[in-house]
Amino acid sequence: MNVLNFLARFSISLLFVATSACHQQNASTQANHEIVFAIGQMPLNLDPRYATDAASERVNRLVYQSLVDFDAQSKPSASLATWVQISATEYRFTLNKNRASFHNLAPLTANDVKATYDSLVTLKDSPNKAEFSNVKNIMVIDNDTVVFQLNQSDSHFPDKLIIGILPAELIESNHDFSHAPIGNGPLKFVAWQNKLTLQRIKDNQTVSLIEVKDPTVRVLKLLHGEVDLLQGELPPELVKYLQTKPEISLQTSPGANFSYLGLNFKDPVLQKIKVRQAIAHAINRKQIIEKAMIAHSREANMILPPEHYTNQTASPEAESQQIIADDYNPALARQLLIEAGVELPLKLVYKTSTDAQRVRFATIMQAQMQPAGIALEIRSLDWGTFFEDVKQGNFQLYGLTWVGIKTPEIYVKAFGSQNIPPNGFNRGRYADAELDKLLADENWQAATARIHKQLPYIPLWYEGQFVAMRNSIKNYSPKPDGNWDDLATIKRSATISNYAH
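Residues numbered from 1 in each chain as written. Predicted model: local features only at pLDDT ≥ 70, side-chain atom pairs only at ≥ 80, totals over all residues. Heavy atoms only, no water.

K.L.:
Looking at this model, I keep getting lost on empty space enclosed by the protein. Mind explaining?
P.N.:
Once rolled over the atoms, a probe with the size of a water molecule shows which space is left empty. Summed over all chains, the structure comprises four cavities of 30 Å³ or more. Of the volumes computed, that of the largest cavity is approximately 110 Å³. Along its surface, the largest cavity is lined by 14 residues, and Tyr260, Tyr398, Ala414, Phe415 and Gly428 are the ones closest to its centre. Elements that contribute at least two residues to the lining of the largest cavity include exactly β13 (258-263), β17 (397-402) and α14 (410-415). Of all the elements, β13 adds the most residues to the lining of the largest cavity, at three residues. Quantified by volume, the second largest cavity comes out at close to 60 Å³. (1 Å grid on protein atoms, 1.4 Å probe; cavity = no way out; pocket = protein on both sides within 12 Å on 5 of 7 lines; lining within 4 Å. Points joined across faces, edges and corners; volume = space filled by probe spheres on them. Helix = DSSP H or I, 4+ residues; strand = E, 2+ residues; numbered from the N terminus.)

K.L.:
Would you mind going over the packing of aromatic side chains with me for this structure?
P.N.:
Counted by the stated rule, this structure contains 22 aromatic pairs. Centroid distance Tyr117 to Phe148: 5.6 Å. Interplanar angle 85°. Geometry classified as edge-to-face. A residue pair is termed long-range when its members are at least 10 positions apart, and Tyr117 in helix α3 (residues 110-122) and Phe148 in strand β7 (residues 145-150) qualify at 31 residues. In this structure Phe148 comes out as buried when scored by relative accessible area, which is 1%. An aromatic cluster is present here, built from Phe258, Tyr260, Phe265, Phe395, Tyr398, Trp402, Phe415, Phe425, Tyr430, Tyr457 and Tyr462 joined pairwise through their rings. (Phe/Tyr/Trp six-rings, centres within 6.5 Å; stacked < 30°, edge-to-face > 60°. Buried < 20%, exposed > 50% of the residue type's maximum accessible area, 1.4 Å probe, protein only.)

K.L.:
I would appreciate a short explanation of the packing of helix α5 (residues 215-223) against helix α6 (residues 236-243) in the present structure.
P.N.:
Describing two packed helices takes the angle between their axes plus the distance from one axis to the other. Interhelical geometry of α5 versus α6 gives an angle of 10° and a closest axis separation of 11 Å. Classified by the angle their axes make, α5 and α6 are roughly parallel. Between α5 and α6, the residues in contact are Pro215, Thr216, Val219, Leu222 and Leu223 and Leu238, Tyr241 and Leu242, respectively. Partitioned by chemical class, the residues of the contact of α5 with α6 number seven nonpolar, one polar and no charged. (Axes fitted to C-alpha atoms, helices over the stretch in contact; angles between N-to-C directions. Parallel < 35°, antiparallel > 145°, perpendicular 65-115°, else oblique. Contact = heavy atoms within 4.5 Å. Nonpolar A, V, L, I, M, F, W, Y, C, P; charged D, E, K, R; others polar.)

K.L.:
Which parts of the structure should I look at to understand the side chain of Ser56?
P.N.:
Note that Ser56 resides in helix α2 (residues 54-63). We classify Ser56 as buried; its relative accessible area is 0%. There is a polar contact of 2.9 Å between the side chain of Ser56 and the backbone nitrogen of Leu44. Here the side chain of Ser56 touches Asp53 through a polar contact of 2.6 Å, side chain to side chain. Residue contacts for Ser56: discarding those within four places in its chain leaves Pro43, Leu44, Asn45, Leu46 and Ala51. (Polar contact = N/O pair within 3.5 Å; in protein donor to acceptor, adjacent residues only side chain to side chain.)

K.L.:
Would you mind showing me how to read the nonpolar core here?
P.N.:
Looking at soluble globular proteins, one finds that nonpolar side chains tend to be buried together. In terms of nonpolar packing, the biggest core is built from 64 residues, with Ile279, Ile283, Ile288, Ile303, Tyr411 and Phe415 touching the most fellow members. Core analysis: the next-biggest nonpolar cluster, separate from the first, contains 53 residues, Phe93, Val146, Phe177 and Val467 among them. (Core = buried A, V, L, I, M, F, W, Y, C linked by side-chain atoms within 4.5 Å.)

K.L.:
In this structure, what is going on with the sheet that holds β17? I would like to understand it.
P.N.:
Where strands meet in a sheet, backbone hydrogen bonds hold them as pairs that are either parallel or antiparallel. Pairing is mixed across the open sheet formed by six strands, whose spatial order is β14-β18-β13-β17-β15-β16. Of all strands in the sheet, those with a lone pairing partner are β14 (298-299) and β16 (374-381), marking the two edges. Where β13 and β17 come together, six bridges link them in antiparallel fashion. From the neighbouring strand, Ser259 faces β17, where its bridge partner is Thr401. (Pairing = 2+ DSSP bridges.)

K.L.:
I tried to follow the side chain of Glu237 on my own but got confused; where do I start?
P.N.:
For Glu237, the location among the structural elements is in helix α6. Within the structure, Glu237 has its side chain in polar contact with the side chain of Arg360 (distance 3.3 Å).

K.L.:
I tried to follow the sheet that holds strand β11 (residues 229-231) on my own but got confused; where do I start?
P.N.:
If you trace the seven strands from one edge of the open sheet to the other, you get β8-β9-β10-β1-β11-β19-β12, paired in mixed fashion. Each end of this open sheet is capped by a strand with a single partner; those strands are β8 (187-192) and β12 (248-253). With strand direction ignored, the average angle separating the axes of adjacent strands in the sheet is 20°. Relative to strand β10 (residues 206-211), strand β1 (residues 35-39) is paired through five bridges, and the arrangement is parallel. Bridging across to β10, Phe37 finds its partner in Leu209.

K.L.:
What should I look at first to understand the environment of Gln287 in this one?
P.N.:
As for its placement among the helices and strands, Gln287 is situated in helix α8 (residues 285-292). A polar side-chain atom of Gln287 sits 3.0 Å from a polar atom in the side chain of Gln368.

K.L.:
Hey, could you run me through the packing of helix α15 (residues 433-440) against helix α16 (residues 444-454) in this one?
P.N.:
Packing of α15 against α16 brings their axes to within 8 Å, and their N-to-C directions diverge by 155°. Taken together, the axes of α15 and α16 are roughly antiparallel relative to one another. Along this stretch, α15 crosses α16, giving a crossing that reads as left-handed. Listed contacts from α16 to Glu434, Leu435, Leu438 and Leu439 of α15 are Trp444, Ala446, Ala447, Arg450 and Ile451. (Left-handed = near helix turned anticlockwise from the far one by under 90°.)

Encoded structure:
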């Protein structure tokens, strides 16, 4: 496709032009030998009760600790506390004896756990509020022990306790955690002005996150030593270019974050199943992955990746129920639109962020949809405006990625008819009584088959993960969900010069 070749040549040409115009800079000017991480967009909210964007979630994992986390198989595991189920509606959590204090030096106790989760119930606009509507009471037994009492039994309740714990005293005083977080994680908040600066508790190593929206500029800053690492959000030609640079170490790995095309079911045209099927048939996912994405990217049919434990138990009967409706077939897509009674070309508006790679995906899909009879208008918005439009339902189509999803309850949050924002993440306002019943019964295989058949969204891909670092950077590797957890262990080698070459 011409648009693919043009975009690839443009990115590389721009890089060479910018490289020849820039003077190499001395990276030793970085204050206190800080490690500088260039990211495509800054976090929006560092209060874990509100945060839903990927950058915020990734920083919050480092600043706060939660009662529960997940192991490599996405099963719940103890983090800040262990637990036992006392009865069908009661869980007792015991905090670790050697737990860290909060970053303001206050000890973390069971009172802080209670205050954190009590506040979630009272917050009017937290997207996590509905998640804990089943909590009847939270009892503090002693400084180390807290009991959650539920209205109804929930065998998956521990999976939900992944909210970072906040100091009760600061909750009471309405502290602004969103811009000045205080947790007890391995990194503490220092400052947030032109950059977000964190400091590692164990050795005082500072890590600064700077926002560099343009991917070519991010690459230049890495090559010149102005930044030490970048992760994701680069077109494949820039990744390949970095692989040729001896001063750069680059690692790739399979990804598990699910990218999709969101649909607004308040739109009467998109309510028609044949229109949704036509859109699915009008996107050549395989071509986009091959031509515009990095290694280890793969097509997706559901939110949770094939290796997730819930997909390992899928029966042949459940698998046979899935209707694979997303093979590229523009002729069939056009026919489906005609059968749906829509006037061709079908005009649709697609919203995305201003990130260059996201705009590139949108541009390719726009070209792919033309022979299917779909005229796609692209509106790229700054991240804050775009994400707010998505949450408010102000869109026809949009593109986003579910990041770090571990539990099958995501299907309830994303598609349950009672989980429309602000009570959940059903941003498309989709409602299906049959699916609601399957979700209530936790029949995940049948539920995912129903979702795939009804297409409340168009599944796209799991994007491969990569990190590119100066050779002086050690102890960091990409994670399947794109998390930045290794900022807790990252180091700069003392034996390698910190100068640009």
